Structure formats: C-alpha cells, structure tokens
Amino acid sequence: MKKILFAILAMAVTLTASAQFKGEIEVYKLDNFTIHSYKSFEAMADLSFIIEGKDGLVILEQQSFFQSMKDFNSYL
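The text that follows walks through the structure, step by step, so that each part is easy to find. This is a predicted model, so every value here is computed, not measured.

What about the overall build of the chain?
Looking only at helices and strands, one finds 2 helices and 4 strands in the chain. Listed by position from the N terminus, the elements making up the chain come as α-β-β-β-β-α. Out of the 76 residues belonging to the chain, those deemed buried represent 17%. The contacts in the chain between residues at least 6 apart in sequence include a share of 19% that link residues at least 24 apart. Counting every atom, the chain has about 6,000 Å² of accessible surface; 65% of that belongs to carbon and sulfur.

Some words on the environment of Thr34
Tracing the chain through its elements places Thr34 in strand 2 (residues 34-40). Taking C-alpha positions, Thr34 is 8.1 Å from Ile50, a pair spaced 16 residues apart along the chain. What Thr34 contacts, discounting residues up to four positions off in sequence, is Val27, Tyr28, Lys29, Ile50, Ile51 and Glu52.

Thoughts on the environment of Ser48
Secondary-structure assignment places Ser48 in strand 3 (residues 47-52). Overall, Ser48 belongs to the buried group, its relative accessible area being 0%. Linking Ser48 and Ile59, residues 11 residues apart in sequence, is a C-alpha distance of 7.5 Å. Sequence-distant contacts of Ser48, that is, excluding residues within four places in its chain, are made with His36, Ser37, Tyr38, Leu60, Glu61, Gln62, Gln63 and Phe72. Here the side chain of Ser48 touches Glu61 through a polar contact of 2.3 Å, landing on its backbone oxygen.

What to know about the pairing of strand 2
Counting buried positions along strand 2 gives 5 out of 7 residues, so the element sits mostly inside the fold. Two elements, strand 1 (residues 23-29) and strand 2, share 7 bridges in a ladder whose sense is antiparallel. Bridge pairing in strand 2 links Tyr28 to Ile35. What sits between the antiparallel neighbours strand 1 and strand 2 is a turn of 4 residues.

Comments concerning unusual backbone geometry
For Glu61, which is not glycine, the phi dihedral falls at a positive 60 degrees. When you line up the elements, Glu61 lands in the loop between strand 4 (57-60) and helix 2 (66-75). According to the relative accessible area criterion, Glu61 is exposed, its value standing at 60%.

Calculation notes
Residues numbered from 1 in each chain as written. Predicted model: local features only at pLDDT ≥ 70, side-chain atom pairs only at ≥ 80, totals over all residues. Heavy atoms only, no water. Helix = DSSP H or I, 4+ residues; strand = E, 2+ residues; numbered from the N terminus. Buried < 20%, exposed > 50% of the residue type's maximum accessible area, 1.4 Å probe, protein only. Contact = heavy atoms within 4.5 Å. Areas by Shrake-Rupley, 256 points an atom, 1.4 Å probe, with all protein chains shown as cover. Polar contact = N/O pair within 3.5 Å; in protein donor to acceptor, adjacent residues only side chain to side chain. Pairing = 2+ DSSP bridges.

Here's what the structure looks like:
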C-alpha cells in the first residue's frame, strides 16, 4: 500500500512540475501605454513584448518553442 501511495504522489508532483509556467513576465506602465515583456527559460532565451494601448495590442517577437508559445499565449 505504501508503494502505491508513493507512486501516486510521485506522479502528482511530476504532473504539477510539468504544468508550471516556464517564463518570466515583467510589466512596465508608462503614460499612454503598457509594455509586457515575456522572457522564456528555454534554449534560445527568447524575449517577446506586448505593447498595450487604449485601442489594442501589438505583439513583437513571438516565441520559438512550443511550451513558450503556449505560456505566452495563455498570458496574452
């Protein structure tokens, strides 16, 4: 019984660790707009920007790797 409980606990920790956000977001609020920067922690260390104005968003430098794209898009 202890082995089964340990196996279930180990699987839960593994699934939780793989589902975590894998980047860093910084937000800079300026007078007329806001800049959101997303830095991935993957091989290329991509840096993407979202420029948020009153009427919409502009995205600069989309991410290169699938997990970073998912994280960036979920933030967006």
